[in-house]
Amino acid sequence: MSGSEQPGDAALAEPPRAVRYDVPEMDCASCVAKIQGHLNRVDGVLGVEGSPVARTLTVSWDPDRLDEERVRGEVARLGYEAWPRAEDAVGPVRSTWRSPTARIAYASVALFVVGLLVRALGGTELPAVRLPLTELDVADAFFLLSALVGGWNFFPKGIRAARALALDMNFLMSVAILGAVAIGETMEAAAIAFLFALAELLESYAVDRARGSVEALMELAPETARLVGPEGERTVPAGTLEPGDEVAVRPGERVPADGSVTEGRSALDESPITGESLPVDKAPGDPVYAGTINREGYLRLRVGRRASESTLARIVRLVEAAEGRRTRAERFVDRFARWYTPAVTLGALAVVVIPTLFLGAPFVPWFVRGLTLLVIACPCALVISTPVAVVSGVTAAARHGVLIKGGSYLEALGEVRAFALDKTGTLTFGRPEVQTVIPAGPMDAREVLARAAAVEERSEHPLARAVVAHARQREVGGSWTLSDFRAVPGQGAEARLDGVLHRVGRPGLLGVEPPDRQGGEAGTTVGVASEDGLLGWIVLADQARTEARAAVAGLRAEGVEHIAMLTGDQREVGEAVGRALGVDEVKARLLPQDKVEAIKELEARFGTVAMVGDGVNDAPALAVATVGIAMGAMGTDAALETADVALMGDDLTRLPYVRRLSSRARRVIRQNIAAAILVKAVLAVGVPLGWVSLVTAVVVGDMGVSLAVTLNALRLGSGSDVDAGPALPSG
């Protein structure tokens, strides 16, 4: 019987437990791999996910076989401290340049510089101090101290890695430094130690830059709030607010929690959530979101959610979790690194053993070449390049109102060949408006509209609301006495105006044929009739968003081959909107299940399809598409949780932006992987030929390429490569 079939596994006495930890020292992909490999061998551990960028570790385990103390103890055995993360935190903020690691690196550099100065001045010998193959002078003594001090950052981790039989960077660098010291190459050993420590600091700083963009999102929510009570206003921590509390927000202050306006009017800057640069007017009853900025008036708000459940907090958690959804590039790097490091390590051993034992070559030069290959074997540059690019891209998108739920979707968006866009609520505003009123007899258009609005006043149908709103806007009305109102489901409504029966609705309700379209205008035709006959027609249509045509053109400019519009409306209505917006294809009269089939048909033709919809009504089609994109997801739980990508506002111009960002991210990831592999391959070939020194291997093969790929990835977060429109405000 296998372990998975043992009694008790099928039904645990307690449900599995999962805890997310902050692990400050877990700052590289090899650290994550080492911890994951070790914990996965511990009986009772069910899963391990780690992020070197966020420096977080999520462990799930069977509480019947394991407890949290044991989990943290196993992590501590590898030299890392793990602290349970607070629900609304993004991890401890630390200064890279004032950390203990940095101070050790500074001391190593200082000792190395002193050694160089002593050697330049002609240092004397230390006859009593000898190593196995050489003796030390004063300069060598300083170099030796520099190597040992600098190596203190990774010697302990290297020892633990050796015990765990893990060939991580700490083990490889420890062997290289100690090996160089053993053969008297103290200057090279010191150079390896402090350059590697410096590389780690610079890389850590660059990774913290990516991580800092996530922290900046959370910092948008204020730490305090003005709680309103019987005794007036008092300042309290925003995290203590409960649903139902009333808070005050003055001009220039940030909203402390999701809720709604109870008193006052103002304009709020919602760009931290939606990326929209123009303030949004708010009045009593309107929703507000944590982190948005009150620009004008004094507001009273009723809290709707705790701080940890706000839209902003959920966005931060989803952005942090995005790194866990790995791209194909990351999976390739993982597979490559698994055989690359052992292969190059064996190559280093062969470079030492074969020439010296079988070809009679001198030991020291070939031993140095073997150590050089060990340095090149460190896969840090390769494995860190993709996660930093993913986090930079995802957080850049979040700062501009686009929530991308994982690196896999960031990558996939750049490969999508076709877009399918829902019409109602996506390309259009989703609310009908009166286009024209056509009299059918001696009565003028204003009188026809006035009678229709009088009948529709009591109806809740969207078309009826549009007729009434249009009449009010035109200041059209009458003084009839209304009686006997009756709604006819699916057809319209009827009522008596001063005792005369009037009907407003579909041609079938009136018993007449619909008119020919005037000027080819597409829309829904509503008839108006009385006992005396047909009075006229009202044509209503859903208005296209002002930016819809520009968004369609922008997608095409970004390389999208085919753009289709999906709608449940009549074909002539859909085609009229499609022509106005410039889409390639219109699929009309579609039910939700028909939209799923339409997506499958597009995938059969183009391979990859992105579906853009409202995130609720279009859920089946969003789920089946290569990438599902929800419009207007701000504050909508269903859209935030189910869509692959969520546009927090209703701005369609974010579609070309996110496509452009995705394409750029894919290029950056490929550049990084290619550069890391190429540089290390060239150096590995040059080592046996004697063309690459130990210092060159550290400066170019480790520090240089690591910094190059990391800084290249950070350009995504800086926005220097992608025109993103209005960015999240500072301050």
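Residues numbered from 1 in each chain as written. Predicted model: local features only at pLDDT ≥ 70, side-chain atom pairs only at ≥ 80, totals over all residues. Heavy atoms only, no water.

Chemist: Would you mind showing me how to read a nonpolar patch on the surface here?
Modeler: Taken together, the side chains of I354, L357, F358 and L359 present a nonpolar region at the surface, about 490 Å² in accessible area. Tracing the backbone shows F358 in helix α10 (residues 328-358). (Patch = residues over 30% accessible without salt bridge, like charges linked within 9 Å, V, L, I, M, F, W, Y side chains within 5 Å. Areas by Shrake-Rupley, 256 points an atom, 1.4 Å probe, with all protein chains shown as cover. Salt bridge = Lys/Arg side-chain N within 4 Å of Asp/Glu carboxyl O. Helix = DSSP H or I, 4+ residues; strand = E, 2+ residues; numbered from the N terminus.)

Chemist: Whenever I open this one, helix α4 (residues 138-151) confuses me. Can you help?
Modeler: Each α-helix turn comprises 3.6 residues. Residues three or four places apart therefore point the same way. The end-to-end C-alpha distance of α4, which contains 14 residues, comes to 20 Å, matching closely the 20 Å that a straight helix rising 1.5 Å per residue would cover. All of the buried residues in α4 are A139, D140, F143, L144, S146, A147, G150 and G151. With its buried residues spanning 160 degrees around the axis, α4 presents them on a single face. (Expected span 1.5 Å × (residues − 1). Buried < 20%, exposed > 50% of the residue type's maximum accessible area, 1.4 Å probe, protein only. Arc of directions from axis to C-beta.)

Chemist: When you look at the packing of helix α18 (residues 548-557) against helix α23 (residues 654-686) in this model, what are you seeing that I'm missing?
Modeler: Running from N to C, α18 and α23 cross one another at 15 degrees; their axes reach a closest spacing of 8 Å. Here α18 lies roughly parallel to α23, going by the angle between them. Between α18 and α23 lies a crossing whose hand is left-handed. Of the residues in α23, those in contact with A551, G554 and L555 of α18 are L655, P656 and R659. Looking at the contact of α18 with α23 residue by residue, the classes come out as four nonpolar, one polar and one charged. (Axes fitted to C-alpha atoms, helices over the stretch in contact; angles between N-to-C directions. Parallel < 35°, antiparallel > 145°, perpendicular 65-115°, else oblique. Left-handed = near helix turned anticlockwise from the far one by under 90°. Contact = heavy atoms within 4.5 Å. Nonpolar A, V, L, I, M, F, W, Y, C, P; charged D, E, K, R; others polar.)

Chemist: Any chance you could explain the pattern of salt bridges here in plain terms?
Modeler: In a structure, side chains of opposite charge can pair up when their charged atoms sit close to one another. Inspection of the entire model under this criterion finds 31 salt bridges. Between R472 and E457 there is a salt bridge; the shortest N-O distance is 2.8 Å. Pair noted here: R472 is in helix α16 (residues 462-473) and E457 is in the loop between α15 (445-456) and α16, with a separation of 15 residues, a long-range link. E457 gets classed as partly exposed once you look at its relative accessible area, which sits at 36%. Between E575 and R571 there is a salt bridge, with the nearest N and O atoms lying 3.2 Å from each other. Here the residue E575 and the residue R571 both occupy positions in helix α19 (residues 571-581), the gap between them amounting to four residues, near one helical turn. The exposure class assigned to E575 is partly exposed, which follows from its relative accessible area of 29%. Judged by relative accessible area, which is 38%, R571 ranks as partly exposed.

Chemist: Honestly, the sheet that holds strand β16 (residues 402-404) in this entry has me stumped. Any pointers?
Modeler: What holds strands together in a sheet is hydrogen bonding between their backbones, with the strands either parallel or antiparallel. The mixed open sheet is built from seven strands, whose spatial order is β16-β28-β27-β26-β17-β24-β25. What marks the edges here is a single partner per strand, and that holds for β16 and β25 (585-587). When strand polarity is set aside, the average angle formed by the axes of neighbouring strands in this sheet is 20 degrees. Here α23 sits on the sheet in contact with β16, β17 (418-422), β26 (609-613), β27 (627-630) and β28 (645-647), set at roughly 40 degrees to β16. (Pairing = 2+ DSSP bridges.)

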